[in-house]
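Residue strings, one per chain:
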Amino acid sequence: MFDLAELERAHEIVGQAVPPTPAHSWPLLGQRLGTHVVVKHENHTPTGAFKVRGGLVYLDRLKRERPNTPGIISATRGNHGQSLAFAAGRHGVPAVIYVPRGNSVEKNRAMRAFGAELVEHGEDFQAAAEEAQRRAQFAGLHMVPSFHPDLVLGVATYALELLRAAPDLDVLYVPIGQGSGISGCIMARDLLGRSTEIVGVQSTEAPSYALSFAAGTVVTTETSNTLADGMATRVPVAEALAVIRNGASRIVQVTDDEVAAAVRAYWTDTHNLAEGAGAAALAAALQEKNKLAGKRVGLILSGGNIDFDLFRRWVGTDVTATAQRAMA
């Protein structure tokens, strides 16, 4: 898909807008898991998630090769859309983003704030994506897919940073939405010659990649009813599945309750905000805690864009009262 020199160049492009994100070892998380843990904090990017890296690299090539592009269009549950809106704004390109009805209110607000025209359509991501494709053809806009080599190249830059900062990781847990993040991790690991085991994470309520991984072919699901919206995928991307089956050891499924517990753990142990998909890697590691003794474990905290109401629901209804007492 790309070589190390291309990955280094992509890191330079991303670095013009996104400084390297931290990779921290947190003692309390280490105690919780009973081993050494390194967290890659992609919640610390300008859009609050790792996707911004892919948008920056994608728009850089698009503007160089097709400078007269009238605008871009895509579909998202939030982070992909914020990424494209952010990158398009830096290049002066109009962006239209489709989201399903009932999408995260705060992610919708963020996309608009970054300059996107936001359109709500359909009951889930797949319906929004299909309508965005139809509008792209009708309006002559450039359709940006959820998975593309340039998106993978961009997001692989966080794995490049992590695997250079922590070259001796034994295992790395990575959430799976449309597959760009874990594909980027696999590519970066292989290009750097690391031996780190890579484990994908999906929701039990949206297990399309896990089912496809086991079956060896694309398996779709009828629903994707997880509150961890960054993992709410019904239809896997065949190209991503091929990379994952070739480079990941397995895919762990986690429940929304396990994700909620991981969101709470990140908050209490590190005071970092994690969205559902962002906490999924920790949820999977906690599920597999007995396998991890003596290992150096990496966790991708892929984003922190969680609506306050959901955060309060998952972390505890007494959070507001506690904060009010602290400020009194």
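Here the structure is shown first, and the text comes after it.
The rules behind these values
Residues numbered from 1 in each chain as written. Predicted model: local features only at pLDDT ≥ 70, side-chain atom pairs only at ≥ 80, totals over all residues. Heavy atoms only, no water. Helix = DSSP H or I, 4+ residues; strand = E, 2+ residues; numbered from the N terminus. Rg over C-alpha atoms; globule rule 2.2 N^0.38 Å. Contact = heavy atoms within 4.5 Å. Areas by Shrake-Rupley, 256 points an atom, 1.4 Å probe, with all protein chains shown as cover. Lys, Arg positive; Asp, Glu negative; His and termini not counted. Charge placed at Lys NZ, Arg CZ, Asp CG, Glu CD. Buried < 20%, exposed > 50% of the residue type's maximum accessible area, 1.4 Å probe, protein only. Arc of directions from axis to C-beta. 1 Å grid on protein atoms, 1.4 Å probe; cavity = no way out; pocket = protein on both sides within 12 Å on 5 of 7 lines; lining within 4 Å. Points joined across faces, edges and corners; volume = space filled by probe spheres on them. Nonpolar A, V, L, I, M, F, W, Y, C, P; charged D, E, K, R; others polar. Pairing = 2+ DSSP bridges. Axes fitted to C-alpha atoms, helices over the stretch in contact; angles between N-to-C directions. Parallel < 35°, antiparallel > 145°, perpendicular 65-115°, else oblique. Left-handed = near helix turned anticlockwise from the far one by under 90°.

Novice: Outline the overall build of the chain, supporting the account with residue identities and numerical values.
Specialist: On a plain count of helices and strands, the chain comes out with 14 helices and 10 strands. A globule of 328 residues ought to have a C-alpha radius of gyration of about 20 Å, and the chain, at 19 Å, matches this closely. Taken along the three principal axes of its C-alpha coordinates, the chain extends 55 × 50 × 40 Å. Within the chain, contacts between residues at least 6 apart in sequence are counted, and of these 73% link residues at least 24 apart. As displayed, the chain offers around 13,100 Å² of accessible surface, 50% of which is attributable to carbon and sulfur atoms. In the chain, the 31 positive side-chain charges and the 33 negative ones have mean positions that sit 2 Å from each other.

Novice: Residues and numbers for helix α5 (residues 105–113), please.
Specialist: Among the residues of α5, Lys107, Asn108, Ala110 and Met111 are the ones counted as buried. Projected down its long axis, α5 shows its buried positions confined to an angular sector of 160°, all on one face. Of the exposed residues in α5, those oriented more than 90 degrees away from the buried face are Val105, Arg109 and Ala113. The inward-facing, buried residues of α5 contact α4 (79–91), β4 (95–99) and β5 (117–120). Glycine 115 sits one or two residues past α5 and shows a positive phi near 105°.

Novice: Give me the lowdown on the layout of surface pockets, citing residues and values where you can.
Specialist: Its volume calculated, the largest pocket comes out at about 280 Å³. Lining the largest pocket we find 16 residues, and of these Pro145, Ser146, Phe147, Gln178 and Val237 sit closest to its centre. For the lining of the largest pocket, the secondary structure elements donating two or more residues are β3 (72–75) and α6 (125–139). Here the lining of the largest pocket takes 4 residues from α6, the largest share from any one element. Residues of the lining of the largest pocket, tallied by class, amount to 10 nonpolar, 4 polar and 2 charged. Of the pockets and cavities examined, the second largest pocket occupies roughly 240 Å³. Along the wall of the second largest pocket there are 15 residues; nearest its centre are Ser104, Leu227, Asp229, Asp307 and Leu310. In the lining of the second largest pocket, the residues fall into 3 nonpolar, 7 polar and 5 charged.

Novice: Give a detailed account of the sheet that holds strand β10 (residues 296–301), specifying residues and quantitative values.
Specialist: If you walk across this open sheet you meet the 6 strands as β1-β2-β10-β7-β8-β9, and the pairing is mixed. Single-partner strands in this sheet number two, and they are β1 (23–25) and β9 (250–254). Neighbouring strand axes in the sheet, compared pairwise and without regard to direction, differ in orientation by 25° on average. Relative to β9, strand β8 (residues 197–203) runs parallel, the two sharing 5 bridges. By the bridge assignment for β9, valine 199 is matched with arginine 250. Together, β8 and β9 form the strand contacts of helix α9 (residues 208–215), whose direction differs from that of β9 by roughly 145°.

Novice: Explain the packing of helix α11 (residues 256–270) against helix α13 (residues 308–315) to me, using residue names and the numbers behind them.
Specialist: At a minimum axis separation of 9 Å, α11 and α13 run at an interaxial angle of 95°. Relative to α13, the element α11 is oriented roughly perpendicular. Contacts from Asp256, Val259, Ala260, Val263, Arg264 and Trp267 of α11 reach α13 at Phe311, Trp314 and Val315.

Novice: Please set out the packing of helix α3 (residues 52–65) against α4 residue by residue, giving values where relevant.
Specialist: Axis angle and axis distance: for two packed helices, these are the angle between their axes and the distance between the axes, and together they describe the pair. Where α3 meets α4, the closest approach of the two axes is 8 Å, and the angle between their N-to-C directions is 40°. Judged by the angle between their axes, α3 and α4 are oblique. Handedness of the α3/α4 crossing: right-handed. Contacts between α3 and α4 involve Val52, Gly54, Gly55, Leu56, Leu59, Asp60 and Lys63 from the former and Ser83, Leu84, Phe86, Ala87, Ala88, Arg90 and His91 from the latter. Residue composition of the contact of α3 with α4, grouped by class: 7 nonpolar, 4 polar and 3 charged.

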